[in-house]
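Structural features, examined
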Amino acid sequence: MKELFSPNATPRRSVFTTMVGLQVLVLVLLWAFYPVQLFPSLGQVLVALRDLITTQGLIQELWASMTTALQALAIGTVLALLISYLTALPFFRPLAYAATKMRYLTLTGLTFFMALMLSSGHEVKLSVLVFATTVYLVTGMTSVILMTTQEEMDHARTLGLGEWRSFWEVVVLGKLDLMLEVVRQNFAIIWTMITLVETLYQSEGGIGLLLYKQNRYLHLDGVLAIQLVILATGALQDYLFALLRRVFFPYSALTAAQG
């Protein structure tokens, strides 16, 4: 018990899991028996969730949003990696710098221009999500590349590797686990954007459109139910990305422990 209240302590997994479970249980019990007037009760949310699943196609809408989100993530990751790795060449560094600053652009204005250039609602939705994903990923990925120390590059050169081979071994292969972590941290951006684009382009549905309809008719229990579904989905995806990092890059856990 003492380890839970000691600074920088690392409690055992079983102790930490039990602590988290008890905290969640306390919150659920408080919600069930001492509800806040501003929010629907736990019972109302559960009833709304059942209705959303059985009569309004919540699972199908979630799957539609999920496929679009994963598609945007895949395209955005490839583009961001390409732009970030090109910073090895001074000629392309302004491109990466400009991409990082584009994250300040509002998507509301961009959707208009994308709608003029593209022919279908799906293409507009996807392009908006890809743009938002790419500029944020480039910001994180270029930061990872800039963390490369001169000692790391000099060590590769002493092994007889050329400049390009040193870059490949130290930056590309050596920091893949950190790139995956950047992707994991920024995947949430897609879920915050997808409700906007699905509201603007409603032909394909999606959980964002379902959330918009619940909010429009002041079905607060339905709104909260959908938000909890999105939260649970995001937490699951976050865990899967962390699991992939542990499986494919087991040394990353050692690096974090040493840090």
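1. Regarding the layout of surface pockets
Considered as a void within the structure, the largest pocket measures approximately 460 Å³ in volume. Lining the largest pocket are 19 residues, with Thr 87, Ala 88, Arg 93, Ile 145 and Phe 167 sitting closest to its centre. Secondary structure elements with two or more residues in the lining of the largest pocket: helix H4 (93-101), helix H6 (121-146), helix H7 (150-158) and helix H8 (163-173). When the residues that make up the lining of the largest pocket are grouped by side-chain class, the tally is 10 nonpolar, six polar and three charged.

2. Overview of the environment of Arg 245
With respect to the helices and strands, the residue Arg 245 is situated in helix H11 (residues 220-248). Spatially, the C-alpha atom of Arg 245 lies 9.3 Å from that of Leu 176, the residues being 69 residues apart in sequence.

3. Description of the packing of aromatic side chains
Counted by the stated rule, this structure contains four aromatic pairs. With a centroid separation of 6.4 Å and 85° between ring planes, the pair formed by Trp 164 and Phe 167 is classed as edge-to-face. Of the two residues, Trp 164 and Phe 167 are both situated in helix H8; the distance of three residues between them amounts to about one turn of the helix. Their ring planes at 80° and their centres at 5.8 Å tell us that Phe 187 and Phe 241 sit as a pair that is edge-to-face. Note that Phe 187 is positioned in helix H9 (residues 176-200) and Phe 241 in helix H11, a separation of 54 residues in sequence. Taken together, the aromatic side chains of Tyr 85, Trp 164 and Phe 167 make up a single cluster linked through ring pairs.

4. Some points on the environment of Leu 110
Mapped onto the elements of the fold, Leu 110 is located in helix H5 (residues 107-117). Separated by 36 residues in the primary sequence, Leu 110 and Leu 146 have C-alpha atoms spaced 30 Å apart. Apart from residues no more than four positions distant in its own chain, Leu 110 is found in contact with Leu 105 and Phe 131.

5. Concerning the pattern of salt bridges
Enumeration according to the criterion identifies nine salt bridges in this entry. We note a salt bridge from Glu 204 to Lys 125, for which the minimum N-O separation is 3.1 Å. Taken as a pair, Glu 204 in the loop between H9 and helix H10 (207-216) and Lys 125 in helix H6 lie far apart in primary sequence, 79 residues in all. Its salt-bridge partner being Arg 184, residue Asp 238 comes within 2.7 Å of it at the nearest N-O pair. With Asp 238 in helix H11 and Arg 184 in helix H9, the pair connects residues that are 54 residues apart, well separated along the chain. Residue classification places Asp 238 among the partly exposed residues on the basis of a relative accessible area of 31%.

6. Focus on the side chain of Glu 198
Its place among the elements puts Glu 198 in helix H9. For Glu 198, which is buried and forms no salt bridge, the nearest opposite charge comes from Lys 125, at a distance of 4.6 Å. Reaching out from Glu 198, the side chain makes a polar contact with the backbone nitrogen of Ile 207 at a distance of 3.3 Å. Not counting the four nearest positions on each side in its chain, Glu 198 is found in contact with Ser 65, Lys 125, Gly 205, Gly 206, Ile 207, Gly 208 and Leu 209.

7. Notes on a nonpolar patch on the surface
A surface patch of nonpolar side chains, amounting to about 870 Å² of accessible area, comprises Leu 22, Leu 25, Val 26, Leu 27, Leu 29, Leu 30, Phe 33 and Tyr 34. Here Leu 27 lies in helix H1 (residues 13-33).

8. Brief notes about the environment of Leu 180
In this fold, Leu 180 is placed in helix H9. Separated by 62 residues in the primary sequence, Leu 180 and Ala 242 have C-alpha atoms spaced 8.7 Å apart. The residues contacting Leu 180, other than those within four sequence positions of it, are Phe 241, Leu 244, Arg 245 and Phe 249.

9. Re the nonpolar core
One finds Trp 191, Ile 207 and Ile 226 to be the most contacted residues of the largest nonpolar core, which totals 57 residues. Ranked by residues supplied to this core, first place goes to H6 with 13 residues.

10. Side note on H6
Along its 26 residues, H6 runs 38 Å from first to last C-alpha, staying within 8% of the 38 Å computed at 1.5 Å per residue. For H6, the tally of buried residues reaches 20 of 26 residues, placing the bulk of the element in the interior.

11. Considering the packing of helix H3 (residues 58-85) against H9
Remark: H3 packs on H9, axes separated minimally by 9 Å, with the N-to-C direction vectors making an angle of 135°. When the axes of H3 and H9 are compared, the pair comes out oblique. Our pair here, H3 against H9, has a crossing hand that is right-handed. Of the residues in H9, those touching H3 at Leu 62, Ser 65, Met 66, Thr 68, Ala 69, Leu 70, Ala 72, Leu 73, Thr 77, Leu 81 and Tyr 85 are Leu 176, Met 179, Val 183, Phe 187, Ile 190, Trp 191, Ile 194 and Glu 198. Partitioning the contact of H3 with H9 into residue classes produces 15 nonpolar, three polar and one charged.

The rules we used
Residues numbered from 1 in each chain as written. Predicted model: local features only at pLDDT ≥ 70, side-chain atom pairs only at ≥ 80, totals over all residues. Heavy atoms only, no water. 1 Å grid on protein atoms, 1.4 Å probe; cavity = no way out; pocket = protein on both sides within 12 Å on 5 of 7 lines; lining within 4 Å. Points joined across faces, edges and corners; volume = space filled by probe spheres on them. Helix = DSSP H or I, 4+ residues; strand = E, 2+ residues; numbered from the N terminus. Nonpolar A, V, L, I, M, F, W, Y, C, P; charged D, E, K, R; others polar. Phe/Tyr/Trp six-rings, centres within 6.5 Å; stacked < 30°, edge-to-face > 60°. Contact = heavy atoms within 4.5 Å. Salt bridge = Lys/Arg side-chain N within 4 Å of Asp/Glu carboxyl O. Buried < 20%, exposed > 50% of the residue type's maximum accessible area, 1.4 Å probe, protein only. Lys, Arg positive; Asp, Glu negative; His and termini not counted. Polar contact = N/O pair within 3.5 Å; in protein donor to acceptor, adjacent residues only side chain to side chain. Patch = residues over 30% accessible without salt bridge, like charges linked within 9 Å, V, L, I, M, F, W, Y side chains within 5 Å. Areas by Shrake-Rupley, 256 points an atom, 1.4 Å probe, with all protein chains shown as cover. Core = buried A, V, L, I, M, F, W, Y, C linked by side-chain atoms within 4.5 Å. Expected span 1.5 Å × (residues − 1). Axes fitted to C-alpha atoms, helices over the stretch in contact; angles between N-to-C directions. Parallel < 35°, antiparallel > 145°, perpendicular 65-115°, else oblique. Left-handed = near helix turned anticlockwise from the far one by under 90°.

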